[in-house]
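Below, each chain spelled out in residue letters.
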Amino acid sequence: MTSYFDPPIERRGSDSAKWGKFASRQHDVIGAWVADMDLPSADKIIEAVKNRLDERVFGYSMPPAEFIAVIRQRLQEKYAWKTENEWFVMQPGVVPSLFFASNCLGQSGDGIMAARPNYHYFLETAAYTDRLYQPVDCHITGKRWEMDTDMMAKNISPRTSAFLLCNPFNPVGRVLDKRELEAVAEICLRNGTMICSDEIHADLVLDEDKQHIPIASLDPEIEKSSITLFSAAKAFNLPGIGGLSFAIIPDKNLRAAFQKRSYGVATHPGALAYAATLAAYRDCDDWLAETITYLRGNRDYLQAEIAKMPGLSMTHVEASFLAWINVEDCIDTNPLQNFLNFGVALSGGDEMGRADHVRLNFGCHRSTLEEIVRRMKRALET
Ligand SMILES: Cc1ncc(COP(=O)(O)O)c(C=O)c1O
């Protein structure tokens, strides 16, 4: 049976960073590291971008008239989260907003807390904003990665100005549940620590029995102490179309402080990004459902194959298209390099706080994933 994603689109020789960074004429390398997908965007997004191009004038843009209303309705329908127009602050990317959040909360020398392992910017934001990084380690409890909230409660203090939350949680693939979010929020509120929650993977929950919960939607007190970051870029595969994300900041003073930090630094999102994002959120639920089904199939296939590979193991990926693979029992001393030698570029776990792991991006055509698996098996055999 063919799907929307057949046949595969050749990414070799394109401008793809994921495919191009490690490849050369002599060395065919499949890109499976940075978090974008090889899957084509929704037809309705492509049509919206083409329609915008047909206007032929590309002056400075502002959000299209229905933009915020569409997002607000979506947040209400998906998460029962009621937001207000003025809470929305447009930004180019989610990552700059992590830095603005860190910069506008507390002062130089304060603590910025975030789980470890984590998407690398969460580990780096403190150092780049003249703050002190306070790690919260994660462990596998049962079969899933969980934050060590005892460690969090022990190390947090009123000088911890922000907790940077990643939910759904890259790289460990978790959809944090209500109990976990409430525990994090309770510890933060008790210490006057603000929460900056990156929810860029929210639309990519793969497990049918799981539901993304924006931490701010739990309670008005939490909402007031929060900055929530969203973007259509991950789920609808738009990182190359130009940065567009939005921060939702209910508290007026916090919003003003955040805007001051980004003033003159953050560029204005572009017309094509607005057109693509509006179409994504307004018209592409069917495409998203098909993508999730496809990714779920890829995940199940990969999980079964990794289980057969000597020295490798992975936990179940509840959300996203990123598998967090434990290589500590691998006899190879440098599995990341070995996989690369055999033509598969993965992300190294060291940059995410766990050198004994690698991260594999399975947001690709199934035939590509099958080739990745074949190459990894060959790498492990030699
Ligand atoms: C958790 C998370 N946040 C942010 C980003 C990047 O966001 P942006 O490109 O909007 O800065 C990524 C990309 O992989 C991510 O996984």
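Residues numbered from 1 in each chain as written. Predicted model: local features only at pLDDT ≥ 70, side-chain atom pairs only at ≥ 80, totals over all residues.

**Quick word on the domain arrangement of the protein**
Right, on to step 1. In terms of domains, the protein is made up of domain 1 (17–42 + 285–381) and domain 2 (57–282).
Right, on to step 2. Computed over C-alpha atoms only, the centres of domain 1 and domain 2 are separated by 25 Å.
Right, on to step 3. In this assembly, 28 residues from domain 1 lie in contact with 30 residues from domain 2.
Right, on to step 4. Those elements that place two or more of their residues in the side of domain 1 that touches domain 2 are α11 (285–308), β11 (322–326) and β14 (357–361).
Right, on to step 5. Among the residues making up the side of domain 1 that touches domain 2, the classes are represented as 14 nonpolar, 7 polar and 7 charged. (Domains from an automatic or database assignment. Contact = placed C-beta atoms within 7 Å. Helix = DSSP H or I, 4+ residues; strand = E, 2+ residues; numbered from the N terminus. Nonpolar A, V, L, I, M, F, W, Y, C, P; charged D, E, K, R; others polar.)

**Details of the site of the ligand**
Right, on to step 1. Within the structure, the ligand sits among 14 residues, and A35, G93, V94, V95 and N170 are positioned closest to it.
Right, on to step 2. When its residues are assigned to classes, the shell around the ligand shows 8 nonpolar, 5 polar and 1 charged. (Near = placed C-beta within 6 Å.)

**What about unusual backbone geometry?**
Right, on to step 1. The step from R116 to P117 runs through a cis peptide bond, and the omega angle for that step is 5°.
Right, on to step 2. When you line up the elements, P117 lands in the loop between β3 (111–116) and α5 (120–128).
Right, on to step 3. Between N170 and the following residue, P171, the backbone shows a cis peptide bond with an omega angle of 15°.
Right, on to step 4. Note on placement: P171 falls in the loop between β6 (160–166) and α7 (178–191).
Right, on to step 5. Located in the positive-phi region is R56, a residue other than glycine, with phi close to 70°.
Right, on to step 6. Structurally, R56 is set in the loop between α2 (43–54) and α3 (67–79).
Right, on to step 7. Although it is not a glycine, D130 sits at a positive phi angle of roughly 65°.
Right, on to step 8. Relative to the elements of secondary structure, D130 occurs in the loop between α5 and β4 (132–141).
Right, on to step 9. Residue classification places D130 among the partly exposed positions, given that 13 C-beta atoms sit within 10 Å. (Buried ≥ 20, exposed ≤ 12 C-beta atoms within 10 Å, placed from the backbone.)

**Observations regarding the sheet that holds strand β13 (residues 347–348)**
Strand pairing within a sheet occurs via backbone hydrogen bonds; the two strands may be parallel or antiparallel.
Right, on to step 1. Taken in spatial order, the 4 strands make up an open sheet running β10-β11-β14-β13, and their pairing is antiparallel. Both outer strands of the open sheet, β10 (313–314) and β13, are each paired with one neighbouring strand and no more. (Pairing = 2+ DSSP bridges.)

**Brief notes about the sheet that holds strand β7 (residues 194–198)**
Right, on to step 1. Read across the sheet, 8 strands follow the order β2-β9-β8-β7-β6-β3-β4-β5 without closing on themselves; strand pairing throughout is mixed. Edge positions in the sheet fall to β2 (88–91) and β5 (144–147), since each has one partner strand and no second. Taken pair by pair, the neighbouring strands of this sheet meet at an average axis angle of 25°, ignoring direction.
Right, on to step 2. Relative to strand β9 (residues 245–248), strand β8 (residues 226–230) is paired through 3 bridges, and the arrangement is antiparallel. (Axes fitted to C-alpha atoms, helices over the stretch in contact; angles between N-to-C directions.)

**Remarks on the packing of α11 against helix α13 (residues 366–381)**
Right, on to step 1. Contact geometry for α11 and α13: axes closest at 11 Å, N-to-C directions at 10°. Compared by their axis directions, α11 and α13 come out roughly parallel. Note on element contacts: α13 touches α11 through R366, L369 and V373, opposite N298, Y301, L302 and E305.
Right, on to step 2. The class makeup of the residues in the contact of α11 with α13 is 4 nonpolar, 1 polar and 2 charged. (Parallel < 35°, antiparallel > 145°, perpendicular 65-115°, else oblique.)

**Notes on α11**
Right, on to step 1. Between its first and last C-alpha atoms α11 spans 35 Å; for 24 residues at 1.5 Å apiece the expected length is 34 Å, and the two agree.
Right, on to step 2. The set of residues buried in α11 consists of W287, T291, Y294, L295, N298, R299 and L302.
Right, on to step 3. Tucked into the core, α11 has its buried residues touching β11 and α13. (Expected span 1.5 Å × (residues − 1).)

**What about the packing of helix α4 (residues 94–104) against α5?**
Right, on to step 1. As a packed pair, α4 and α5 sit with axes 9 Å apart at the nearest point and diverge in direction by 40°. By the angle between their directions, the pair α4 and α5 is classed as oblique. At the point where α4 passes α5, the crossing takes the right-handed sense. Within the contact between the two elements, α4 uses V95, L98, F99 and S102 and α5 uses Y121, T125, A126 and Y128.
Right, on to step 2. Residues that form the contact of α4 with α5 fall into these classes: 6 nonpolar, 2 polar and no charged. (Left-handed = near helix turned anticlockwise from the far one by under 90°.)

**Remarks on the environment of P64**
Right, on to step 1. Mapped onto the secondary structure, P64 falls in the loop between α2 and α3.
Right, on to step 2. Setting aside its immediate chain neighbours within four residues, P64 contacts Y274 and L278.

**A few points about the environment of F362**
Right, on to step 1. For F362, the position within the fold is in the loop between β14 and α13.
Right, on to step 2. The exposure class assigned to F362 is buried, which follows from the 23 C-beta atoms found within 10 Å.
Right, on to step 3. With 40 residues separating them along the chain, F362 and L322 place their C-alpha atoms 6.1 Å apart.
Right, on to step 4. With residues near it in sequence (within four places) discarded, F362 still touches N298, R299, L302, F321, A323 and L369.

**Looking at the pairing of β4**
Right, on to step 1. Two elements, β3 and β4, share 6 bridges in a ladder whose sense is parallel. For G111, the partnering residue across the bridge sits in β4 and is L132.
Right, on to step 2. When β4 meets β5, the two strands line up antiparallel, connected through 4 bridges. Residue pairing in the sheet places C138 in a bridge with M147 of β5.
Right, on to step 3. Connecting β4 to the next strand, β5, in antiparallel fashion are 2 residues, including G142 with a positive phi near 65°.

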